[in-house]
Every structure is written in structure tokens, then in C-alpha cells.
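Understanding the architecture of this molecule
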Amino acid sequence: MSLPKEFHEIAERVNNWGRWGDDDEIGTLNLITDEVVREAAATVRAGRRVPLALPLRQDGVQTGMIPGRVNPLHTMVQINQELFGPGTVATSDDAVTMGLQAATHWDALTHASHSGRIWNGRPADSITAHEGARFSGIETVRTLVSRGVLLDVARAKGVDRLPGDHAVTPEDLSEAEEFGGVRVGPGDIVLVRTGQVRAYLLGDRHAYAHPSPGLSVRTPEWFRARDTAAVANDTLTFEIFPPEIENLWLPVHALDLVEMGMLQGQNWNLEELSTACAEERRYAFLLSATPEPFVGGTGTPVAPVAVL
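First, a word on what this report is: a plain description of the structure on this page. Keep in mind it's a predicted model, so treat the numbers as computed, not measured.

In the structure shown here, the tally under the stated rule is 20 salt bridges. The partner of glutamate 221 in a salt bridge is arginine 13, and the shortest N-O contact between them spans 2.7 Å. Here glutamate 221, found in helix H7 (residues 219-226), pairs with arginine 13, found in helix H1 (residues 5-14); they are 208 residues apart in sequence, far enough to count as distant. Owing to a relative accessible area of 29%, glutamate 221 belongs among the partly exposed residues under this scheme. Two residues, aspartate 160 and arginine 198, come together in a salt bridge whose shortest N-O distance is 3.9 Å. Here the residue aspartate 160 occupies a position in the loop between helix H3 (153-156) and strand S8 (167-168), and arginine 198 occupies one in helix H5 (residues 197-201), the gap between them amounting to 38 residues.

By size, the foremost hydrophobic cluster in this structure holds 59 residues, and its most contacted members are Trp106, Leu191, Trp268 and Leu273. Core analysis: the second largest hydrophobic core is formed by 8 residues, Val197, Ala199, Tyr200 and Tyr208 among them.

Take the side chain of arginine 147 next. Turning to its location among the elements, arginine 147 is positioned in strand S7 (residues 145-152). What makes arginine 147 buried here is its relative accessible area of 18%. A polar side-chain atom of arginine 147 sits 2.8 Å from the main-chain carbonyl oxygen of arginine 183. Looking at arginine 147, its side chain comes within polar contact range of the side chain of aspartate 188, at 2.7 Å. Look past the residues within four positions of arginine 147 in its chain and what remains in contact with it is Ala40, Thr43, Val182, Arg183, Val184, Gly185, Asp188, Ile189, Ala284 and Phe285.

Moving on to the packing of H1 against helix H8 (residues 251-260). Pairs of packed helices are described in terms of their axes, by the angle between the two and the distance that separates them. Two elements in contact, H1 and H8, have axes whose closest approach is 10 Å; the angle formed by their N-to-C orientations is 30°. Read as a crossing pair, H1 and H8 show a hand that is right-handed. On the side of H1, the interface is formed by Phe7, Ile10, Ala11 and Val14, while H8 contributes Pro251, Ala254, Leu255, Glu259 and Met260. Here the residues of the contact of H1 with H8 are counted per class, giving 8 nonpolar, no polar and 1 charged.

Before going further, it helps to spend a moment on the sheet that holds strand S11 (residues 230-233). Pairing is mixed across the open sheet formed by 9 strands, whose spatial order is S1-S15-S13-S7-S9-S11-S12-S4-S14. Two strands lie at the open edges of the sheet, namely strand S1 (49-51) and strand S14 (299-301), each paired on one side alone. On average, each strand axis in the sheet is inclined to that of its neighbour by 25°, with strand direction left out of account. Sheet topology note: the strand S4 (residues 105-107)/S14 ladder contains 3 bridges and is antiparallel. Of the residues in S14, the one forming a bridge with aspartate 107 is glycine 299. Along the sheet, H8 contacts S4 and strand S12 (263-266); its crossing angle with S12, the most-contacted strand, is approximately 140°.

Another aspect to go through is the packing of H1 against H7. Two elements in contact, H1 and H7, have axes whose closest approach is 10 Å; the angle formed by their N-to-C orientations is 10°. Considering their axes alone, H1 and H7 lie roughly parallel with respect to each other. Residue-level contacts link Ile10, Arg13 and Val14 of H1 to Pro220, Glu221 and Arg224 of H7. Here the residues of the contact of H1 with H7 sort into 3 nonpolar, no polar and 3 charged.

Another aspect to go through is unusual backbone geometry. Generally, phi is negative for residues other than glycine and the peptide bonds are trans, each holding for most cases. A cis geometry characterises the amide bond from histidine 210 onward to proline 211, with omega recorded as -5°. Along the chain, proline 211 turns up in the loop between helix H6 (205-209) and strand S10 (214-215). Omega for the bond connecting phenylalanine 241 with proline 242 falls within 30 degrees of zero, at 0°, which places this linkage in the cis form. By the element assignment, proline 242 lies in the loop between S11 and H8. The backbone of serine 136 sits at a positive phi, close to 65°, despite the residue not being glycine. Considering the arrangement of structural elements, one finds serine 136 in the loop between strand S6 (132-133) and S7. Backbone geometry places arginine 281, a non-glycine residue, at a positive phi of 60°. By the secondary structure assignment, arginine 281 is in the loop between helix H9 (271-280) and strand S13 (284-288).

Here is what the cut-offs are and how they apply
In every chain, residue numbers begin from 1 and rise along the written sequence. For this predicted model, a pLDDT threshold of at least 70 governs which residues receive local features, and a threshold of 80 or more governs which side-chain atom pairs are given and counted, while totals over whole chains, interfaces and linings are taken from all residues. In computing side-chain values, all of the structure's heavy atoms are included and hydrogens and water are not. In what follows, salt bridge is the name for a side-chain nitrogen of Lys or Arg lying within 4 Å of a carboxyl oxygen of Asp or Glu. Where helices and strands are cited, they refer to DSSP runs of H or I of at least four residues and of E of at least two residues respectively, numbered from the N terminus. With a 1.4 Å probe rolled over the protein chains alone, any residue whose accessible area is under 20% of its type maximum counts as buried; one over 50% counts as exposed, and the rest are partly exposed. Here the nonpolar core consists of buried residues drawn from Ala, Val, Leu, Ile, Met, Phe, Trp, Tyr and Cys, with membership extended through side-chain atoms lying within 4.5 Å. Each polar contact in these results corresponds to two N or O atoms within 3.5 Å; when the atoms are within protein, one needs to be able to donate a hydrogen and the other to accept it, and residues that are neighboring in sequence are counted only if both atoms are side-chain atoms. In this description, contact between two residues means that some pair of their heavy atoms is separated by no more than 4.5 Å. Axis angles are defined between N-to-C directions and span 0 to 180 degrees, where every axis is a line fitted to C-alpha atoms and, for a helix, only to the segment in contact. It is the rotation of the near helix from the far one that decides the hand of a crossing: anticlockwise by less than a right angle makes it left-handed, clockwise makes it right-handed. Residues are grouped as follows: Ala, Val, Leu, Ile, Met, Phe, Trp, Tyr, Cys and Pro are nonpolar; Asp, Glu, Lys and Arg are charged; every other residue, Gly included, is polar. DSSP-based pairing: two strands are paired if at least 2 bridges between them are found. Angles are sorted into four bins: roughly parallel if under 35 degrees, roughly antiparallel if over 145, roughly perpendicular if 65 to 115, and oblique for all others.

The structure is reproduced here in C-alpha cells:
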């Protein structure tokens, strides 16, 4: 089934191909300039640090709904082993097998494709079984530090968690801006809180997975207009799931990653940050969220930290 006319019209309006050159591999992260980072550093007042990652654990958020995306399988390969003889210092080592997008993560720009293309018009077949993403792999994002902005949509609406059928609209994003007394600007990393992660934190992985609130197909134009550098939220699928338009699956992925070249993240725990921002009465902060540099990766774990 081909993508509908509505999708292609939005894609044309948000498209950034060639904006930073035909060889560009990092898309909207080009908007994070030295000046943007200096201004981000100036938001630190209290020095309060808030972790945003879910623990990497075998009973994590993955339920098998997404084939191959397994929770971490943790194995000890050495336990108090005296490598250099009896009585010497002993060490313990471990190994892990996991989906790179198993828990809190960034999607690389190569995570999604449509119509045979990935970011910047490159062919989708540049992603191979042996090398992964040969163009725009996650390792091309060498640093990711900028001003973070929490758009607490749930708190702005006076609820702990949005209903499972709620598509977060541009109007919702603007309402959350007004609620937080902040305006998203060029180079910002936006964190959109729906409260959906509360289901997982309360022990219900399946309720967390679906039905799930998430970003509407209309939101990429809002982020494009604000020149947002990256967006992350507290859901498994990022966009509303099941989709708001029947049989149009993952359109926001395609618009953000393929057309706009904007990094997106999922499974971020924004609950403590929601409380901290409310207590500090400000919704902008320094955000450090550099991805793990897996060469050729189409996604990667990340342990973000917000500093207020």
C-alpha cells in the first residue's frame, strides 16, 4: 500500500534534504551551535541533576511486540577470577546481548526509510546486513549536548497520564509551552511527557506498549517551524499507537527521521524531571544525551541527564 497524498504533502513541507549539504549525516543536529550550547549552560542554576534513563534489565519494556528487539540478557563471564595466579587481585566481568533500542534510546536517522530512501535522499539499501548503516549511522552523532525543554503535556492538562488514544497535537505542544513559561527555539532538544511510562513503572509492560498516546502526524511541522534539533518522549512507539490515520503506520518516524533529519528518542523516564521542573518552576535546562557510538547502528542506548 502506497503512502497517502496527505503524508507526501507534509513531507514536502518539512523536508530538509540538502539544507546542510548533500553529504550531511546528522540533520537537525547542525542547529546545535556553540552559541546554543553556551546558552544551554547558562540555564544551570541549582545544579540539580535528574537521570532520564530506564534501567537496563531482563524484564524491561520489550514484550516481543517488535521482532528481535530483546531486553538485555546479562551474563557473567568471570566471577572473582584471579587472572594472574592465587592470591592476586581478582576481577569480575560481564557481557550483554540486547536490542540497541531495547530501553531508553535514540533512533538514528537510518532507523526509518520510505519509498526506498533514508535521510538526505540516500538509498535505503545503503543499510546492509554486515555493515549496518554505512551512511548516517548513530556513531556520526559525536556529541549531543544542548538546551533541553520539557513540554509536560500531561501536567499541562492536569492529568498524570494521557489516555491511550490521545494524539499529541501542535496545539498541545503550544499549550505545554505556555504552561511551562518557555518557548522552543533553534537547536533545542524537546522532551514531550505523556505520562505513559507510568504504566511500565507500575509493572504493566503490556499496558505501556499499547494502546499508547504519542505524537500526531501533524507535529513534525511544528518542530520544523521551531528548528528543533531532536525530540524524545516517554512512550515505546514515540507516535500514537495504533495510528491516528487507519493503516498509516509510523508516519511520524518517516517524517522526522527521513524527511527532516531529526533524531528521535523513546522510553525516556520523564517522571522525576516533571517533578523537578514543577518544583524549580522552570522547564528549560542543560541536557547531556550523547548516544553510545555503535558503528553502523540504527539506534543506540543512552543515559541522558538533565541539569537544572
